[in-house]
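Descriptive structure summary
Here is how the chains run, residue by residue.
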Amino acid sequence: GTRSNNQQRISLKITKDQENSRAMAAVEPDQPTGVTLQPGSTEPPAHTAPGTEPGPLHIRTMQEQDIKFAAQMLVEAFWDKYEFAVGKSRIEGIIQLMVNTLSRSPDIWHRYYVALYEDKLAGAVHIIFNDDSGKGESRCSESCSLLGCYGTCRHSYALCCMSSETMSARDCYVDRIAVSADFRGKGIGKALLERADFEARQ
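We now examine the side chain of Glu53. With respect to the helices and strands, the residue Glu53 is situated in the loop between helix 1 (16-26) and strand 1 (57-61). Comment: no salt bridge for buried Glu53; closest opposite-charge side chain is Arg195, at 7.3 Å. At 3.2 Å, the side chain of Glu53 and the backbone nitrogen of Gly51 are in polar contact.

Bringing the nonpolar core into the picture now. If you look at the biggest cluster of nonpolar residues, it comprises 29 residues, and the most contacted ones within it are Met62, Val75, Ile91 and Leu102. Broken down by secondary-structure element, the contributors of at least two residues to this core are helix 2 (67-76), helix 3 (79-86), helix 4 (91-103) and strand 2 (112-117). In this structure, Tyr117, Val174, Ile177 and Phe183 belong to the second largest nonpolar core, which totals 19 residues.

In total, this model carries four salt bridges according to the counting rule given. Across the pair Asp66 and Arg60 runs a salt bridge, and its minimum N-O distance is 2.4 Å. Among the residues examined, Asp66 registers a relative accessible area of 1% and is labelled buried.

Here we take up unusual backbone geometry. Even without being glycine, Glu118 reaches a positive phi, approximately 50°. Relative to the helices and strands, Glu118 resides in the loop between strand 2 and strand 3 (120-129). Assessed through its relative accessible area of 54%, Glu118 is described here as exposed. Look at Asp119: it is not a glycine, yet its phi comes out positive at around 70°. As for its placement among the helices and strands, Asp119 is situated in the loop between strand 2 and strand 3. Relative accessible area serves as the criterion here: at 74%, Asp119 is assigned to the exposed category.

Analysis parameters
- Residues numbered from 1 in each chain as written.
- Predicted model: local features only at pLDDT ≥ 70, side-chain atom pairs only at ≥ 80, totals over all residues.
- Heavy atoms only, no water.
- Helix = DSSP H or I, 4+ residues; strand = E, 2+ residues; numbered from the N terminus.
- Buried < 20%, exposed > 50% of the residue type's maximum accessible area, 1.4 Å probe, protein only.
- Lys, Arg positive; Asp, Glu negative; His and termini not counted.
- Salt bridge = Lys/Arg side-chain N within 4 Å of Asp/Glu carboxyl O.
- Polar contact = N/O pair within 3.5 Å; in protein donor to acceptor, adjacent residues only side chain to side chain.
- Core = buried A, V, L, I, M, F, W, Y, C linked by side-chain atoms within 4.5 Å.

Limitation: the analysis is restricted to geometry and does not speak to function.
Put into structure tokens, the structure is as follows:
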């Protein structure tokens, strides 16, 4: 639908072979770095984190003032699944629940990245690593007040279906990614994915 954002879960597994290949690429100057060029740029990118080089596109870790936007984007990334799970009338409750959970969980903000295009929030991505222990402090009573008991049960089941508990060591995956409809077609989604890949390899 028009409200639905593209969604994908991408495994970013790093193996010894990949590390060896990357080490070889470091001594071969003709190999691409994998860093996205800024829109309109013709200069080769520096070997830095995608979204940090000069240009209209900037990617940074989520800050407190970004939480509402990020929650809206990341819920809309799975709009159809959430609507099926809890019903259309409870979607705003899902967004508010995510806002509340993220607001009191600054220890996980470093796993959320937002893209700004010409200083306007344009997209967001959430990545999860194998050894991540914090997932945000959720409260059952709060969920029940926003979604009702039925909605809370359905929401919990949906989260279980959308999560991965079988990640092996050294794995990282993109949990959710979304770009605002106003900024699509500018390479923002690609840049967010490449930033996720960059962070996974650090």
